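# Observations on the three-dimensional arrangement
As a plain string of letters, each chain reads:
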Amino acid sequence: MTDPFGAAEAVLFDLDGTLYRLAPMRRRMLFELLRWGMIHPVAFPRLMRCLREFRSAREGLRDFAGDAEALADVQFEVPAKRLGVPAEELREMVEEWMFRRPLPFLGGAAWPGLRGVLLELKGAGMRLGVFSDYAPERKLEALGVRDLFDVALAATDPEVNRFKPDPRGFVVGAARLGVAPTKTVYVGDRADVDGVGAEAAGMASVILAGADGVGPRSITIRELGQVVALLTGSSKG
Ligand SMILES: [Mg+2]
């Protein structure tokens, strides 16, 4: 068997927890939420309940496999129904607190040397893409690396319409990069969704920090810079 890492021609990245660190971001957003809660003590519990229910509903939708409905809408309709609030109102809260408000803080949570790591991979001839369960475009711009990616794909893209670990997004991502899944390596931070999904798509994976990989074609690393040596045979990074 050829080494799937040495033979890689493309790298597909997860975004949250992979291109930036979750812990400082979560701390920052908790601070922002609590500060907002001081000024809006009545609305605050409702906001927290909505955000929590949205996250939990999304985890529950990991096995969603319908084609008749758009996941982009279902992800709001399911928790909105459970909460008894209009889906549009929930969508607006999520847009504000999970997308718009975190953007200015993303750069500060980026993995140190992120741009350099991506440039090294590009310099080694790799095609680079992002496949995320959330819309990646504005986050990549906030991280200052949108220009380095050939593909930016969300699970809610109509061609995917599946959250990880369904293999479809991994396969579509590789297709858009113009590289076979077997020559694409997925880099993520969750073995249960990133590692499992990559494996199901026939893709090797690198799992950043924490959990173990999911088999012989999955490797665990401790910091993002390690992907350079792993994929290019270079000792830099
Ligand atoms: Mg992640």
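Because the structure is predicted, anything quoted here is derived from the model rather than measured. (Residues numbered from 1 in each chain as written. Predicted model: local features only at pLDDT ≥ 70, side-chain atom pairs only at ≥ 80, totals over all residues. Heavy atoms only, no water.)

A separate point is the coordination of the magnesium ion. All of the protein donors around the magnesium ion are Asp14 (OD), Asp16 (O) and Asp189 (OD); their distances to the metal are 2.1 to 2.2 Å. All donor residues of the magnesium ion come from one chain, and their arrangement in sequence is D-x1-D-x172-D. Judged on exposure class, the residue aspartate 14 and its partner aspartate 16 are both buried. (Donors = N, O, S within 2.8 Å, 3.2 Å for Na, K, Ca; no water. Buried < 20%, exposed > 50% of the residue type's maximum accessible area, 1.4 Å probe, protein only.)

Glancing now at the pattern of salt bridges. Considering all chains together, one arrives at 26 salt bridges under this definition. Salt-bridge contacts for arginine 101 lead to glutamate 96; the nearest nitrogen and oxygen are separated by 2.7 Å. Owing to a relative accessible area of 29%, arginine 101 belongs among the partly exposed residues under this scheme. Accessibility expressed as a relative area gives 23% for glutamate 96, which makes it partly exposed. Residue arginine 127 pairs with aspartate 150 through a salt bridge whose shortest N-O separation is 3.5 Å. With arginine 127 in strand β2 (residues 127-132) and aspartate 150 in the loop between α7 (137-142) and β3 (151-154), the pair connects residues that are 23 residues apart, well separated along the chain. By relative accessible area, aspartate 150 is classed as partly exposed at 34%. (Salt bridge = Lys/Arg side-chain N within 4 Å of Asp/Glu carboxyl O. Helix = DSSP H or I, 4+ residues; strand = E, 2+ residues; numbered from the N terminus.)

Turning our attention to the sheet that holds strand β5 (residues 204-208). Neighbouring strands of a sheet are bound in pairs by backbone hydrogen bonds; such pairs are parallel or else antiparallel. Taken in spatial order, the six strands line up as β3-β2-β1-β4-β5-β6 in an open sheet, and their pairing is parallel. Because the sheet does not close on itself, it has two edges, and the strands there are β3 and β6 (218-221). Pairs of neighbouring strands in the sheet enclose a mean axial angle of 20°, with direction left out of account. Note: β2 against β3, four bridges, orientation parallel. Residue pairing for β3: valine 130 is matched across the bridge by alanine 152. With respect to the sheet, helix α9 (residues 191-200) is in contact with β4 (184-188) and β5, its orientation differing from that of β5 by roughly 165°. (Pairing = 2+ DSSP bridges. Axes fitted to C-alpha atoms, helices over the stretch in contact; angles between N-to-C directions. Contact = heavy atoms within 4.5 Å.)

Turning our eyes to something else, we now look at the packing of helix α2 (residues 44-60) against helix α3 (residues 71-83). Two elements in contact, α2 and α3, have axes separated by 9 Å at closest approach and are oriented at 125°. With respect to their mutual orientation, α2 and α3 come out oblique. As α2 runs across α3, the sense of the crossing is right-handed. Of α3, the residues touching α2 (which contributes Arg49, Cys50, Glu53, Phe54, Ser56, Ala57 and Arg58) are Gln75, Phe76, Val78, Pro79, Arg82 and Leu83. Considering only residue class, the contact of α2 with α3 consists of seven nonpolar, two polar and four charged. (Parallel < 35°, antiparallel > 145°, perpendicular 65-115°, else oblique. Left-handed = near helix turned anticlockwise from the far one by under 90°. Nonpolar A, V, L, I, M, F, W, Y, C, P; charged D, E, K, R; others polar.)

Any functional reading would require information beyond the geometric quantities listed.
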